[in-house]
Amino acid sequence: MLVERIVTYGRMIKFSHSVFALPFAFSGAVLAALEFDINISQVFWIAVAMVGARSAAMGFNRLVDRDMDAANPRTASRELPKGLISPAAVRALITISSAALILAAWRLNPLCFALSPVALGIVFFYSYTKRFTWATQFFLGLALSVAPVGAWIAITGSLDPWILLLAGAVLAWVSGFDIIYACQDVAFDRGYGIYSIPQRFGARSGLVIARVLHAVSFVLMAAVGVRFGMGVIYSIGLVIVGGLIVYEHSLVKPDDLSKLGVAFMNVNAAISTVFFAFTLGDVLWR
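Residues numbered from 1 in each chain as written. Predicted model: local features only at pLDDT ≥ 70, side-chain atom pairs only at ≥ 80, totals over all residues. Heavy atoms only, no water.

K.L.:
I keep staring at the overall build of the chain and nothing clicks. Help me out?
P.N.:
Each helix and strand counted, the chain has 14 helices and zero strands in total. Listing each helix as α and each strand as β along the chain from the N terminus yields α-α-α-α-α-α-α-α-α-α-α-α-α-α. The globule rule puts the C-alpha radius of gyration for 286 residues at 19 Å, and the 19 Å found for the chain is close to it. Each principal axis of the C-alpha distribution contributes one length, and for the chain these read about 55 × 40 × 35 Å. Relative to all contacts within the chain whose residues are 6 or more apart in sequence, the contacts with residues 24 or more apart total 75%. Once the 21 positive and 15 negative side-chain charges of the chain are each reduced to a mean point, those two points are 4 Å apart. (Helix = DSSP H or I, 4+ residues; strand = E, 2+ residues; numbered from the N terminus. Rg over C-alpha atoms; globule rule 2.2 N^0.38 Å. Contact = heavy atoms within 4.5 Å. Lys, Arg positive; Asp, Glu negative; His and termini not counted. Charge placed at Lys NZ, Arg CZ, Asp CG, Glu CD.)

Here you go:
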């Protein structure tokens, strides 16, 4: 029963989606390791902080959106609307996960600890943005862009403006793929009063905006390579990432979203994993 319960909680917070942000957090740490020492303890606490932040954010999002999820046929089978998990249990999960982030930040360094409430505030605030602004996808991008910045600070104890290049790449990448994801709910969002870029501008224009954002993300990833003096291995990884982005957009059309799941989950998981693997490989090679 315990295993089943853990699986249910994992499904609720979409634990598998950790593959989006966690590799970019570790990429930020790897870039910091070019100039600073890094140890296994730091890697461990970065992982704890990331899992804690993401679990708290997803739990909070599911809690505040439970009535909306119940009304949407696509999401009505989620754990909270179905009663598989109680609101009280989700509140407990949010509290424990937030505490895990704060503990991890405290173990890393004073600046991480001081900024941990800011990180939580950003990820919690995102859940409300869909209620008042069509720019909600950019707020999700902002929430996940904190990952490489936080990991950089965890290793260095300070903030270097150049790591914001990677943060910007993550912001544009996440905003773009969340626009693609939101295309499937345009009709519901308009009827329920939920804001998003596809709801405001339509699915066709939304997909164009997503392409532009992913192009910006790719350019910023290239800029990261130039700024940090990355080599051939990083460049190969960047080419693969570019190919994956093109493939992702070939899968979705305004009038055909049948492959949206593959584009959203599989391809984006591959993008973040490839970026981290080739960033790490380049640094280790040197």
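Right, picking up where we left off after that structure.
K.L.:
Explain helix 8 (residues 136-156) to me, please; I cannot follow it from the model alone.
P.N.:
Given 3.6 residues to a turn, an α-helix orients residues that are three or four positions apart in the same direction. Over its 21 residues, helix 8 extends 31 Å from the first C-alpha to the last, a length consistent with the 30 Å expected when each residue adds 1.5 Å. The largest bend in helix 8 is about 25°, located at P148. G157, located one to two residues past helix 8, shows a positive phi value of around 75°. (Expected span 1.5 Å × (residues − 1). Bend = angle between axes of the 7 residues up to and from the residue.)

K.L.:
How do you make sense of a nonpolar patch on the surface when you look at a structure like this?
P.N.:
Residues I102, L103, W106 and F113 make up a contiguous nonpolar surface patch of about 390 Å² in total accessible area. Broken down by element, the nonpolar patch gets its largest block of residues, three residues, from helix 6 (residues 87-108). Along the chain, the position of W106 falls in helix 6. Its relative accessible area of 53% is what places W106 among the exposed residues. (Patch = residues over 30% accessible without salt bridge, like charges linked within 9 Å, V, L, I, M, F, W, Y side chains within 5 Å. Areas by Shrake-Rupley, 256 points an atom, 1.4 Å probe, with all protein chains shown as cover. Salt bridge = Lys/Arg side-chain N within 4 Å of Asp/Glu carboxyl O. Buried < 20%, exposed > 50% of the residue type's maximum accessible area, 1.4 Å probe, protein only.)

K.L.:
I would appreciate a short explanation of the packing of helix 8 against helix 9 (residues 164-182) in the present structure.
P.N.:
Helix packing geometry: the angle between the two helix axes and the distance between the axes. Remark: helix 8 packs on helix 9, axes separated minimally by 7 Å, with the N-to-C direction vectors making an angle of 145°. For the element pair helix 8 and helix 9, the recorded crossing hand is right-handed. Across the interface between the two elements, Q137, F138, L140, G141, L142, L144, S145, P148 and V149 from helix 8 touch L164, L166, A167, V170, L171, V174, S175, D178, I179 and A182 from helix 9. (Axes fitted to C-alpha atoms, helices over the stretch in contact; angles between N-to-C directions. Left-handed = near helix turned anticlockwise from the far one by under 90°.)

K.L.:
Could you clarify how one ought to interpret the environment of I180 in this entry?
P.N.:
Topologically, I180 is positioned in helix 9. Here I180 is in contact with L207, A210, H214, E248, H249, V252 and L260, once residues within four sequence places are set aside.

K.L.:
Any chance you could explain the pattern of salt bridges here in plain terms?
P.N.:
It is possible for side chains of opposite charge to pair when their charged atoms get near one another. Evaluated as defined, the whole model comprises four salt bridges. A salt bridge links D185 to R74, with the nearest nitrogen and oxygen atoms 2.6 Å apart. Of this pair, D185 sits in the loop between helix 9 and helix 10 (186-192) while R74 sits in the loop between helix 4 (66-71) and helix 5 (79-82), and the two are 111 residues apart along the sequence. When salt bridges with common partners are traced through the structure, they connect D65, K130 and R131 into a single cluster.

K.L.:
Explain the nonpolar core to me, please; I cannot follow it from the model alone.
P.N.:
The tendency in soluble globular proteins is for nonpolar side chains to be buried side by side. The biggest cluster of nonpolar side chains holds 79 residues, and the ones touching the most others in it are L31, I46 and M221. The dominant element in this core, judged by the number of residues it contributes, is helix 9, at eleven residues. Setting aside chain neighbours within four positions, we find I46 in contact with F26, A29, L108, A151, A154 and I155. (Core = buried A, V, L, I, M, F, W, Y, C linked by side-chain atoms within 4.5 Å.)

K.L.:
So what exactly am I meant to see when it comes to the side chain of N61 here?
P.N.:
Structurally, N61 can be placed in helix 3 (residues 40-64). A polar contact is formed between the side chain of N61 and the side chain of R62, at a distance of 3.5 Å. Each residue touching N61, except ones within four places of it in the same chain, is listed here: Y126, S127 and K130. (Polar contact = N/O pair within 3.5 Å; in protein donor to acceptor, adjacent residues only side chain to side chain.)

K.L.:
Please clarify how the packing of aromatic side chains should be interpreted in this entry.
P.N.:
Geometry of an aromatic ring pair is reported as the spacing of the ring centres plus the angle between the planes. For the structure shown, the criterion picks out 15 aromatic pairs. Taking 5.1 Å as the distance between ring centres and 85° as the angle between the ring planes, the aromatic pair formed by W134 and F201 counts as edge-to-face. You can see W134 sitting in the loop between helix 7 (110-129) and helix 8 and its partner F201 sitting in helix 11 (residues 197-201), a full 67 residues away along the chain. W134 gets classed as partly exposed once you look at its relative accessible area, which sits at 35%. Among the residues examined, F201 registers a relative accessible area of 35% and is labelled partly exposed. Through pairs of rings, three or more aromatic residues link up here, namely F24, W173, F177, Y181, Y234, F264 and F275. The ring of F228 carries the charged tip of R227 above its face, separated from the ring centre by 5.3 Å. (Phe/Tyr/Trp six-rings, centres within 6.5 Å; stacked < 30°, edge-to-face > 60°. Lys NZ or Arg CZ within 6 Å of the ring centre and 35° of its normal.)

K.L.:
Just to check I follow, could you spell out helix 7 for this structure?
P.N.:
With 20 residues, helix 7 extends 30 Å between its outermost C-alpha atoms, agreeing within 8% with the 28 Å of an ideal straight helix rising 1.5 Å per residue. A bend of about 35° at S116 is the largest found in helix 7, and the proline P117 appears one to four places after it. For helix 7, the secondary structure elements touched by its buried residues are helix 3, helix 6, helix 8 and helix 9. Here helix 7 starts with a cap whose side-chain oxygen sits 3.2 Å from the backbone nitrogen of L111, and that cap is N109.

K.L.:
Can you walk me through the environment of S98 in this structure?
P.N.:
As for its position among the elements, S98 is in helix 6. With a relative accessible area of 11%, S98 lands in the buried category. Taking the C-alpha atoms as reference points, S98 and S116, separated by 18 residues in sequence, lie 9.1 Å from one another.

K.L.:
Explanation requested: the side chain of R78 in the structure shown.
P.N.:
By the element assignment, R78 lies in the loop between helix 4 and helix 5. Non-local contacts of R78, meaning those with residues more than four positions away in its chain, are made with R62, D69 and Y181.

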